[in-house]
Amino acid sequence: MSESTSRRVSESKATLDLLQSKIADRSAKLAVIGLGYVGLPVACLFAEAGFDVLGVDLQAERVARINAGVSPIDGDEPGLAELLAAVSDSDRLRATTDYAELADREIILICVETPVDEWHVPRYVALKSALRSLGPVLKEGALVIVESTIAPGTMARVVKPLLEESSGQRANADFFLGHCPERVMPGKLLANLRGVSRVCGGETPETAAVMIALYQHIVQAELDAADCVTAELVKTAENAYRDVNIAFANEVALICEAVGGDVWRVRELVNKSPGRNMLLPGAGVGGHCIPKDPWLLSYQAREQGVPVRLIPAARAVNESMPLHMVELLEDALAEAGVALADARVLAMGYAYLENSDDMRHSPSAVVVARLQELGAEVVIHDPYVPGYQGDVVEMAQGCDAAVVMVAHGVYQELDWAALDVSVLVDGRHIATHLPAALMYRGVGQG
Ligand SMILES: NC(=O)c1ccc[n+]([C@@H]2O[C@H](COP(=O)([O-])OP(=O)(O)OC[C@H]3O[C@@H](n4cnc5c(N)ncnc54)[C@H](O)[C@@H]3O)[C@@H](O)[C@H]2O)c1
């Protein structure tokens, strides 16, 4: 090792040691870029742990709400509203739209959205824009951690070169880089953040060690050190695993319908066989993560011509389920003597997940669009989504059919006999004690 290289190594070690000691006594100044479903609870938890946290978001209205101590997330999110109010009162969390304020921040967590486009290619508009805005104000010696889910290879191919270019600094010398993907789910944001294990992927093992020291302040579960590409692979693979397994359950459901079986009984008995864990079939898979993370996992391999077959097949099965709901409805309506084009249909649930207001990639949107295309009149009800709230029994009045898209708690407790419709299609297997005259169809029930 030359003298200048060895001096650089010992300087960067000293910088990381200093950062680690500031993490230990909570004097390190933190920032969180992107205050959505992931960034907001992360910012709140670090503030609760005693750090000074600055949140940055492009949406001025969201920033104003957060500064007023009011959560912009409307679903049932246990503890978040109260925690935000408390940390904002204590002045440990403040939000801004102005990147210039990041100049004194020593640790920056990036939590912006990372969607794919219609060709299943990552669209890193938000991530690149965040890195370009951060670079010019990046404090020397800072640690930048990407929490957003990204395709394997993105830290090396996109994040590192872009931040080096926009900051004029060198990674692993002037600043440090890591990837610590999130494992949260709406409805359990704080519980997941506190209780679920995390992978701390560092550009170097020393950076990974500092990341572990940081996350120990908010995570009461295992923190595994890794390199960045391993962290990228683990996150996208765990969500692709879920998608493929849901697709399997959906395919078995379609087979059950064809041969006159009941997928719910089949699933129950399959899962008595050792090592089997068949997941729940249903009306479709939505949200910001599961529908796109399999594409992120396979992106670079697909670009290189590696035959990726199972992941696209699973995606196709899961994408077909909302349209299958429409087919079930059309069939049941025909049996009840009503043409779909003349029907008034109640769509029950518009979020993608029970007890959440998150509508991203909602299977219900596909069902509603298809029904409208076929000429049906659609009434949408969702207890959490503004614009669709109301009394579900009242909203069903005058409807020929209801389609259950989401297993919201209020539906699980519903008196189904009070719903004045002639046809019910249940995509979540929650309707019980149905009137004998009702024409019923359920996913996977032949
Ligand atoms: N939502 C989940 O349950 C979940 C779970 C695990 C991982 N993730 C991953 O976490 C990341 C964030 O997801 P999310 O659900 O929190 O997204 P989100 O859309 O709720 O939040 C993203 C926020 O970033 C802000 N933003 C966008 N560009 C910005 C920029 N240049 N500067 C500052 N702010 C900017 C947006 O205004 C928005 O408020 C994604 O990569 C996602 O895949 C999400």
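For clarity, every value in this text was computed on a predicted model and none was experimentally measured. (Residues numbered from 1 in each chain as written. Predicted model: local features only at pLDDT ≥ 70, side-chain atom pairs only at ≥ 80, totals over all residues. Heavy atoms only, no water.)

Some thoughts on the overall build of the protein
Selection rule: Strands here are runs of E lasting at least two residues and helices are runs of H or I lasting at least four, both read from the DSSP assignment and numbered beginning at the N terminus. Note on method: radius of gyration uses C-alpha positions; expected globular size equals 2.2 Å times residues raised to 0.38. Partly exposed residues are those whose accessible area sits between 20% and 50% of the maximum for their type, while under 20% is buried and over 50% is exposed, using a 1.4 Å probe and protein chains only. In what follows, residue pairs with any heavy atoms lying within 4.5 Å of each other are defined as contacts. Note on areas: these come from Shrake-Rupley sampling with a 1.4 Å probe, and a residue is covered only by the protein chains present in the view. As used throughout, the charge tally considers Lys and Arg to be positive and Asp and Glu to be negative, leaving His and the chain termini uncounted. Think of each charge as sitting on NZ of Lys, CZ of Arg, CG of Asp or CD of Glu.
Scanning the protein from N- to C-terminus turns up 15 helices and 13 strands. Whereas a compact globule of 446 residues would reach a radius of gyration of roughly 22 Å, the protein reaches 24 Å, a difference of no more than 12%. Counting every position in the protein, which comprises 446 residues, the buried fraction comes to 52%. Sequence separation of at least 24 residues holds for 71% of the intrachain contacts in the protein that already meet a minimum separation of 6. Accessible surface, the protein as shown: approximately 19100 Å² in total, 51% of it carbon and sulfur. Positive and negative side-chain charges of the protein, numbering 37 and 60 respectively, have mean locations separated by a distance of 7 Å.

Focus: the sheet that holds strand β11 (residues 401-404)
Basically, it comes down to this: Following DSSP output, two strands are said to pair if at least two bridges run between them. Between N-to-C directions, angles span 0 to 180 degrees; the directions come from axes that are lines fitted to C-alpha atoms, helices contributing only their stretch in contact.
Read across the open sheet, the five strands follow the order β10-β9-β11-β12-β13; overall the sheet is parallel. One side of each edge strand has no neighbouring strand; the edge strands of this open sheet are β10 (377-381) and β13 (439-442). When the angles between neighbouring strand axes are averaged without regard to direction, this sheet yields 15 degrees. Where strand β12 (residues 423-426) meets β13, four bridges bridge the pair, whose relative direction is parallel. The partner of V425 across the bridge, within β13, is R441. Contacting β9 (344-348) and β10, helix α13 (residues 363-373) crosses the sheet at an angle of about 160 degrees to β10.

Quick look at the site of the ligand
Short version of the rule: We call a residue near a molecule or strand as soon as one heavy atom of that residue lies within 4 Å of the molecule or strand. We define a polar contact as two N or O atoms separated by no more than 3.5 Å, with the added condition that, inside protein, one atom must be a possible hydrogen donor and the other a possible acceptor, whereas residues neighbouring each other in sequence contribute only through side-chain atom pairs. Polar here means any residue outside two lists: the nonpolar Ala, Val, Leu, Ile, Met, Phe, Trp, Tyr, Cys and Pro, and the charged Asp, Glu, Lys and Arg; Gly therefore counts as polar.
Around the ligand sit 29 residues, and of these D57, Y99, T114, K292 and R360 come closest. In this structure, a nitrogen atom belonging to the ligand sits 3.1 Å away from a side-chain N or O atom of S129. In the environment of the ligand, an oxygen atom lies 2.6 Å from a nitrogen or oxygen atom belonging to the side chain of K292. For the ligand, whose accessible area on its own is 830 Å², the fraction buried by protein is 94%. If one sorts the elements of the shell around the ligand by residue count, helix α5 (residues 125-134) sits on top with three residues. Each residue belonging to the shell around the ligand can be placed in one class, and the counts come to 14 nonpolar, eight polar and seven charged.

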